[in-house]
Amino acid sequence: MPSITVAASDDEFSTIAADQVQRLLRTRMDSILALPTGNTPVPLYAELSRRCLNEEMSFAEVRTFNLDEFVAMPSEHPASFETYMMTHLFAHIDVDMANVHMPDGNSSNLEQECRAYERDIAALGGIDLAIVGIGGNGHLAFNEPGAAFDSRTRVVDLTAESLEAHASEFGGLAQVPRRAITMGIGTILEARRILLLARGREKAEIVARAVRGPITREVPASALQSHPNVLVLLDRASASQLHGMR
Ligand code: PGA
């Protein structure tokens with residue numbers, strides 16, 4: 001069963017999440033992180049940037065792997081996850097960009113790109129801490145409902161709900177790329193520790209299903225229940241439907 005922490009405020013949420021990263025880097029400066037995009041981690045990235053600026057922590061030796069990226073869109077596109085990561089984190093911390101890994105959705109050989117991503121993670125010794133969000137449909141990275149729990153990094157078709165969730169960033173549903181590269185659920189489950197972040201009332205029902213409901217492929221994030229070292233960090237709104245469940 002994952003541990004659950006409910007933060008009382010936005011500040012506490014980002015402090016607890018950033019503490020998780022800082023504590024890990026204290027034990028190993030060259031830790032390997034898997035990093036999410038989305039609205040949820042924005043305050044965490046701001047807090048990590050602040051701590052780095054204040055020289056409370058350093059990412060100089062950290063290696064990072066992003067969870068996912070859209071296929072066939074320019075990496076400099078304002079809605080690409082690469083742009084997101086530069087804007088919210090990488091431009092503000094002392095990470096060596098040579099140690100930053102993002103799936104290349106523009107690769108001319110996507111299958112090979114996915115295999116290389118897995119190989120790079122394995123070659124560095126595996127992920128120490130995977131920070132993940134949860135989609136309104138329960139997706140974990142872009143592992144949409146139905147994804148196998150032993151899936152690896154691969155190209156996936158996005159569901160209507162995920163396309164909808166990104167429509168505003170792209171100026172309309174029609175502009176959202178239909179496919180993405182995502183780390184697999186199996187890849188994520190091999191991380192030594194996992195930090196699941198969720199904020200907001202619109203995540204309350206899916207959080208309850210993922211954390212307390214049956215383990216099922218229909219709710220990809222429910223796979224985390226089988227991992228021995230997971231912290232689920234919630235705000236009060238996203239935790240509001242946990243009561244009364246088994
Ligand atoms: P969000 O996305 O943080 O923008 O809600 C989470 C996700 O889709 O995994």
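Residues numbered from 1 in each chain as written. Predicted model: local features only at pLDDT ≥ 70, side-chain atom pairs only at ≥ 80, totals over all residues. Heavy atoms only, no water.

**Q** Residue-level account of the overall build of the protein chain, with values.
**A** Of regular secondary structure, the protein chain possesses seven helices and ten strands. Scaling as 2.2 N^0.38, a compact globule of 246 residues should have a C-alpha radius of gyration of about 18 Å, and the protein chain matches this with 17 Å. Of all 246 residues assigned to the protein chain, the portion counted as buried reaches 55%. A fraction of 79% describes how many contacts in the protein chain between residues 6 or more apart in sequence connect residues 24 or more apart. Surface exposure of the protein chain reaches about 10700 Å², of which carbon and sulfur atoms provide 49%. Of the side-chain charges in the protein chain, 22 are positive and 32 negative, and the distance between the mean point of each set is 7 Å. (Helix = DSSP H or I, 4+ residues; strand = E, 2+ residues; numbered from the N terminus. Rg over C-alpha atoms; globule rule 2.2 N^0.38 Å. Buried < 20%, exposed > 50% of the residue type's maximum accessible area, 1.4 Å probe, protein only. Contact = heavy atoms within 4.5 Å. Areas by Shrake-Rupley, 256 points an atom, 1.4 Å probe, with all protein chains shown as cover. Lys, Arg positive; Asp, Glu negative; His and termini not counted. Charge placed at Lys NZ, Arg CZ, Asp CG, Glu CD.)

**Q** Outline the nonpolar core, supporting the account with residue identities and numerical values.
**A** Judged by nonpolar contacts, the single largest core of 43 residues is most densely connected at V21, L48, F59 and F90. Listing elements by their share of this core, those giving two or more residues are α1 (10-27), β2 (32-35), α2 (42-53), α3 (81-88), β6 (129-132), α5 (160-170), β9 (193-198) and β10 (230-235). Counting residues per element, this core draws most heavily on α1, at seven residues. The next biggest cluster of nonpolar side chains, apart from the first, holds 31 residues, and it includes A141, A191, V207 and V211. (Core = buried A, V, L, I, M, F, W, Y, C linked by side-chain atoms within 4.5 Å.)

**Q** Give a description of the site of the ligand that names residues and reports values.
**A** Taken together, G38, N39, T40, G133, I134, G135, H139 and K203 are the residues near the ligand. Between an oxygen atom of the ligand and a main-chain N or O atom of N39, the distance comes to 2.9 Å. Contact distances for the ligand include 2.5 Å between an oxygen atom and a side-chain N or O atom of K203. When isolated, the ligand has an accessible area of 280 Å², and the protein chains bury 76% of it. Residue composition of the shell around the ligand, grouped by class: one nonpolar, six polar and one charged. (Near = heavy atom within 4 Å. Polar contact = N/O pair within 3.5 Å; in protein donor to acceptor, adjacent residues only side chain to side chain. Nonpolar A, V, L, I, M, F, W, Y, C, P; charged D, E, K, R; others polar.)

**Q** Residues and numbers for the sheet that holds strand β5 (residues 100-101), please.
**A** A sheet is described by the order of its strands in space; here seven strands give the open sequence β1-β10-β9-β6-β2-β3-β5, paired in parallel fashion. Every other strand in the sheet has two partners, leaving β1 (3-7) and β5 as the edge strands with one partner each. (Pairing = 2+ DSSP bridges.)

**Q** Give me the packing of α1 against α2: which residues, what numbers.
**A** Angle between the axes and distance between the axes are the two parameters that describe a pair of packed helices. Taken N-terminus to C-terminus, the directions of α1 and α2 make an angle of 55°; their axes are 9 Å apart at the nearest point. Considering the angle they form, α1 stands oblique to α2. The way α1 lies across α2 gives a crossing that is right-handed. On α2, the residues that touch S14, T15, A17, A18, D19, V21 and Q22 of α1 are P43, L44, E47, L48 and R51. (Axes fitted to C-alpha atoms, helices over the stretch in contact; angles between N-to-C directions. Parallel < 35°, antiparallel > 145°, perpendicular 65-115°, else oblique. Left-handed = near helix turned anticlockwise from the far one by under 90°.)

In short, shape yes, function no, at least from these values alone.
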